[in-house]
Amino acid sequence: MSSTSEFQTTLDNSVSALKESILQNLTYRLARFPNRATKRDWMLAVSYTARDRILERLQATQSTHQKNKVRRVYYLSLEFLMGRMLSNGLYNLGIFDNLTKAVEELGLNLEELRNEENDMGLGNGGLGRLAACFLDSLATLDYPAIGYGIYYEYGLFRQEFVNGYQIEHPDNWLKFGNPWEIVRPEYIQTIEMYGEVEYIFDDLGNYRPKWVNSKKVMGVPYDIPVPGYDTGTVILLRLWRSRAFEEFNLETFNQGGYVEAVREKSIGESISKVLYPNDKTENGKELRLVQQYFFVSCSLRDIIRRFKAENPGGWELFSSKVAVQLNDTHPAIAIAELSRILYDEENLSWEKTWEIVTQTFAYTNHTLMPEALEKWSVDLFGRVLPRHLQIIFEINKHHMEQIERHWPGDNEKKRILSIIEEGHPKMVRMAHLAVVGSYSVNGVAAIHTELLKKTLFPEFFELNPTKFNNKTNGITPRRWLQACNPLLSNLISSKIGKSWPKNIDELKKLEAFAEDAEFQKEFMRIKFENKKRLSAIIEKDCGVTVDPSALFDVQIKRLHEYKRQQLNLLHILTLYRRIIQNPNLDIQPRVFIFAAKAAPGYDMAKTIIKAINAVGEKINNDPRVENRIKVVFLPNYRVSLAQRIIPAADLSEQISTAGTEASGTGNMKLALNGALTIGTLDGANIEIKEEVGDENIFIFGHTVDEVEEIRKKGYNSFDYYHANEELKAVVDWIGSNYFTPDEHSGILAPLRWSLLEGGDRYLVLADYAQYIECQEKVGVAYRNHAAWAKMAILNTARVGKFSSDRTIHEYARNTWKLSQVPI
Ligand code: 26Q
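Scope of this entry: the structure provided in the associated data block. (Residues numbered from 1 in each chain as written. Predicted model: local features only at pLDDT ≥ 70, side-chain atom pairs only at ≥ 80, totals over all residues. Heavy atoms only, no water.)

1. Some words on the overall build of the protein
Put simply, the rule is: In DSSP terms, a helix is any run of H or I states spanning at least four residues, a strand is any run of E spanning at least two, and both are numbered starting from the N terminus. The rule is simple: take the accessible area with a 1.4 Å probe, protein chains only, and divide by the maximum for that residue type; under 20% is buried, over 50% is exposed, in between is partly exposed. In what follows, residue pairs with any heavy atoms lying within 4.5 Å of each other are defined as contacts. All accessible-area figures derive from a Shrake-Rupley calculation using a 1.4 Å probe, and residue coverage is judged against the displayed protein chains alone. The charged-residue count follows a simple rule in which Lys and Arg add positive charge and Asp and Glu add negative charge, with His and chain termini not counted at all. Charge positions are represented by NZ for Lys, CZ for Arg, CG for Asp and CD for Glu.
The number of helices and strands found in the protein is 33 helices and 25 strands. Each of the three principal axes of the protein carries a C-alpha extent, and together these read 90 × 75 × 60 Å. Looking at the protein residue by residue over its 823 residues, the buried ones come to 62%. Expressed as a percentage of contacts within the protein between residues at least 6 apart in sequence, the contacts between residues at least 24 apart total 76%. Here the protein has roughly 31800 Å² of accessible surface; of this, 50% comes from carbon and sulfur atoms. A distance of 3 Å separates the average location of the 100 positive side-chain charges in the protein from that of its 106 negative side-chain charges.

Next comes the structure, spelled out in structure tokens:
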């Protein structure tokens, strides 16, 4: 019987039983012997020990769901950025403490074993991590749910710096096997692509389209169990791996080409090989479309198989049992695929087909930037998915008829709203397909949703105002406070009890301690401990010694011009210049900490990385600085590294141009761990400000309305450049060869160019002066330890709104109409 959870299990969770289990798994499952086992072997044995206990609950959950024929939500996403699985599993099972002891009794250290685990890095950034946080909340809150995606053999690339430049390496995360995967050959799906459409008479004498000469590929499901926290529920993440359909091409085979025939298999196997490393659309790559269709088709077939098994009666019940959430437009082809299955394969009428489809799908938008909206050329689309292209034209025809009814004779409206963009070449607009085919369209923060309605899809909004709604993002407090910051978690539990990880509003009770001098000291002592730990990582990974009593100023997120790491760099240069010009300058010592991956083909982002590294190299080795500022760029940003950095942050940089960051989620993680935000009024920063109070956040910069105003008047960054001596100096400085004396001339010049001649698309220069001024206030505020501690505590106490539990309850109640099913 379980000692730490109320859920009744047969496997024993006592220290001695766990120890026994670890040894059994090591010996019989891994075939390793205790005296010869490596740390990795032990980590695997411990993982299997946790997994055995998770599987019991998985079976109980899945059989309860089946027996009750429950309504489920299916979360379709090209990305699930799960990070490490072990500690999260142990916390959620409630066996962390006993397992720590068991491992100790075996003469090992759990912390060390945990570091042996590779991250499950099957995502780029915010969108992928959001999907992972949502699974944690769905399981914790007992919602019937399944996540569907791709089992990439290579996740997001591993990043290394060589001479300050980003070098990408393949992330071979499966090299030593994955103890969390459960392969399910009994649920293999076969899907089709390419070929052409022919018209033939069917058995009923109807003239019908038929998709012929298609290529077949198999999808093999790999299940990753996701246990909820303090509950019996375990849900599934089902990821598809592609396999060649035919053993051999028989023709080639029979002609004696045995080796060639076997080699041809690799085409089918390449689909699930690698995650695309862009976090904005990379246009037109055929393999990406093939990936999207592959996993969508496998997933829909799996959903339909389950639906039919539980509901033999026919299609009437489908949309009452199935809700499908589309994580951005990446899986939006599902709208055409379900239409095709119902209409072509199940022979429903078009009206019935469309009714079911539009009661099934809901679409989440994650970006406003027009250039990031997914489009496929009609040519490419028709080659890969000829029948789907026809179906999209059919959908569009009915859509155009609706527009004609709403705006009779208005062809301009039809042009704007069409799923097909009439240009050279013609394009399929996936966002329009997603909006037309879904009953719900949501943004991910209040301002983002307002901008969706007002600027991205105003005509769709006018056509269908009730379709649009907001679901402000959230993060799981289990991983992003309990697991990543055990010292702070224990302090919190000692004051307000242990129920906060599941009832996050309990954190409000910490407000009572915000002015308590003892508590403040304890809170900041823990921050200091976390900073010491991060300093050791910085020493090891960057070779830079930093002082943990300095202010840790943190910007961790994908490298993007709109996120404005270059604005942070201009601030650093400004301080450096001031120090050189005034050797006695008395400023709060700071460590500037960056971590970010740049998309491999995004040259400007890579130049910004090089610039930060070059400036850091110079500053860190300049004796005149006397350690007042240090600049470090931690390589290979990933979930497990975020879990180390976030608890150690004093200041959270959230400095995107207003109107560009849909929500942000790192902002929430950092605030929850007691970092103060310096930020623009963008994305969820606005809601963070509302929660923590104006006096506990540092806001600067032009607002969305002001940005619009500036752009309307015609923005000229040279105006700011010429008007501000200090700004001019640092912009010229970074564009010069000063920081890269040993390299080809001009390698950092594009940075200056983009801020001036290039037009400064993200208004860096327009926000510079306000940013510098705001940073001065931060430096002064940090020197008042008690006042800073109070602000930090109030941040932790007041950001409960940003638990993904709240977000998931909102989706469940308002979008999915989903009930909780306790196990
Ligand atoms: C699309 C087509 C081809 C190749 C790549 C892509 C692609 C992949 C990933 C496009 C976009 C992404 C990821 C986007 C993303 O992470 N967006 C972020 O989503 C977060 C969760 O809602 C928000 O908090 C962030 O503001 C948003 O930038």
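2. Digging into the site of the ligand
Test applied: One heavy atom within 4 Å of a molecule or strand is enough for the residue carrying it to be called near that molecule or strand. Think of a polar contact as two N or O atoms within 3.5 Å of one another; within protein, one of them needs to be a possible hydrogen donor and the other a possible acceptor, and neighboring residues in sequence only count if both atoms come from side chains. Classification convention: Asp, Glu, Lys, Arg as charged; Ala, Val, Leu, Ile, Met, Phe, Trp, Tyr, Cys, Pro as nonpolar; all other residues, Gly among them, as polar.
Around the ligand lies a shell of 21 residues, among which Leu-127, His-366, Asn-473, Glu-661 and Gly-664 are the nearest. At 2.9 Å from an oxygen atom of the ligand is found a main-chain nitrogen or oxygen belonging to Leu-127. Backbone polar atom of Ala-662 to an oxygen atom of the ligand: 3.3 Å apart, as the coordinates give it. Considering the ligand on its own, with 620 Å² of exposed area, one finds that the protein chains cover 95% of that surface. Among the residues forming the shell around the ligand, the class breakdown is five nonpolar, nine polar and seven charged.

3. Digging into the pattern of salt bridges
Basically, it comes down to this: A carboxyl oxygen of Asp or Glu within 4 Å of a side-chain nitrogen of Lys or Arg is what we treat as a salt bridge.
Inspection of the entire model under this criterion finds 64 salt bridges. Residues Lys-712 and Glu-709 are paired through a salt bridge, measuring 3.9 Å at the closest nitrogen-oxygen approach. Linking Lys-712 with Glu-709, this pair stays in helix α27 (residues 704-713), spanning three residues, or about one helical turn. What emerges from the salt-bridge pattern is a single network uniting Arg-184, Glu-186, Asp-223, Arg-238, Asp-302, Arg-305 and Arg-306.

4. Topic: the pairing of strand β8 (residues 189-193)
Defined as follows: When DSSP finds at least two bridges between two strands, those strands are taken to pair.
Side chains of β8 alternate between two faces, with Gln-189, Ile-191 and Met-193 buried and Thr-190 and Glu-192 left unburied. Both β8 and strand β11 (residues 215-227) contribute to a ladder of five bridges, which runs antiparallel. By the bridge assignment for β11, Ile-191 is matched with Val-217.

5. Brief notes about the environment of Phe-802
Structurally, the position occupied by Phe-802 is in the loop between α32 (785-798) and α33 (804-816). Note on Phe-802: relative accessible area 1%, which makes it buried. Sequence separation of Phe-802 and Lys-669 is 133 residues, and the distance between their C-alpha atoms is 8.7 Å. Once residues lying within four places of it in the same chain are set aside, the contact partners of Phe-802 are Thr-472, Asn-473, Gly-474, Ile-475, Met-668, Glu-687, Ile-688 and Glu-691.

6. Quick notes on the state of the cysteines
In plain terms, the rule: Whenever a pair of cysteine sulfur atoms sits within 2.5 Å, that pair is classed as a disulfide.
The final tally for this structure, using the stated rule, is zero disulfides. There is no disulfide at Cys-133, and the cysteine sulfur nearest it, in Cys-484, is 11 Å away. Taking relative accessible area as the criterion, Cys-133 reaches 1% and is therefore assigned buried.

7. What about the packing of aromatic side chains?
Using the following cut-off: Paired rings are identified among Phe, Tyr and Trp, the last through its six-membered ring, by centres lying within 6.5 Å, and are further divided according to the angle between planes into stacked (under 30 degrees), edge-to-face (over 60) and tilted (the rest). Placement of a charge over a ring requires the Lys NZ or Arg CZ to be within 6 Å of the ring centre, with the centre-to-atom vector within 35 degrees of the ring normal.
All chains considered together, the criterion is met by 32 aromatic pairs. Judged by centre distance (5.0 Å) and plane angle (80°), the ring pair of Tyr-738 and Phe-739 falls under edge-to-face. Taking 5.0 Å as the distance between ring centres and 20° as the angle between the ring planes, the aromatic pair formed by Tyr-811 and Trp-816 counts as stacked. Both residues of the pair, Tyr-811 and Trp-816, count as buried. Members of the aromatic cluster, each reached through a chain of ring pairs, are Tyr-75, Phe-80, Phe-134, Tyr-811 and Trp-816. The cationic tip of Arg-305 hangs over the ring face of Tyr-187; the distance from NZ or CZ to the ring centre is 4.0 Å. Lys-413 extends its terminal NZ or CZ atom over the ring of Trp-407, reaching a point 5.3 Å from the ring centre.

8. Description of the environment of His-169
Along the polypeptide, His-169 turns up in strand β6 (residues 165-171). Taking relative accessible area as the criterion, His-169 reaches 23% and is therefore assigned partly exposed. Residues His-169 and Glu-422, 253 residues apart in the sequence, show an inter-C-alpha distance of 40 Å. If we ignore the near neighbours within four places in the chain, the residues touching His-169 are Phe-157, Arg-158 and Glu-160. Among the polar contacts listed, one links the side chain of His-169 to the side chain of Glu-160, at a separation of 2.6 Å.

9. Brief notes about the side chain of Arg-590
Mapped onto the secondary structure, Arg-590 falls in strand β21 (residues 590-595). On the accessibility criterion, Arg-590 (4% relative accessible area) is buried. Engagement of the side chain of Arg-590 in a polar contact is seen with the side chain of Gln-775, the distance being 2.7 Å. Each residue touching Arg-590, except ones within four places of it in the same chain, is listed here: Ala-550, Leu-551, Asp-553, His-571, Arg-628, Ile-629, Lys-630, Leu-651, Gln-775, Val-778 and Gly-779.

10. Details of the environment of Trp-500
With respect to the element layout, Trp-500 can be found in the loop between α20 (486-496) and α21 (517-542). For Trp-500, a relative accessible area of 1% corresponds to the buried category. Spatially, the C-alpha atom of Trp-500 lies 9.4 Å from that of Gly-800, the residues being 300 residues apart in sequence. If we skip the residues at most four places from it in the chain, Trp-500 touches Pro-477, Leu-481, Gln-482, Ser-489, Ile-492, Ser-493, Glu-506 and Leu-507. In this structure the side chain of Trp-500 is engaged in a polar contact, spanning 3.0 Å, whose partner is the side chain of Ser-493.

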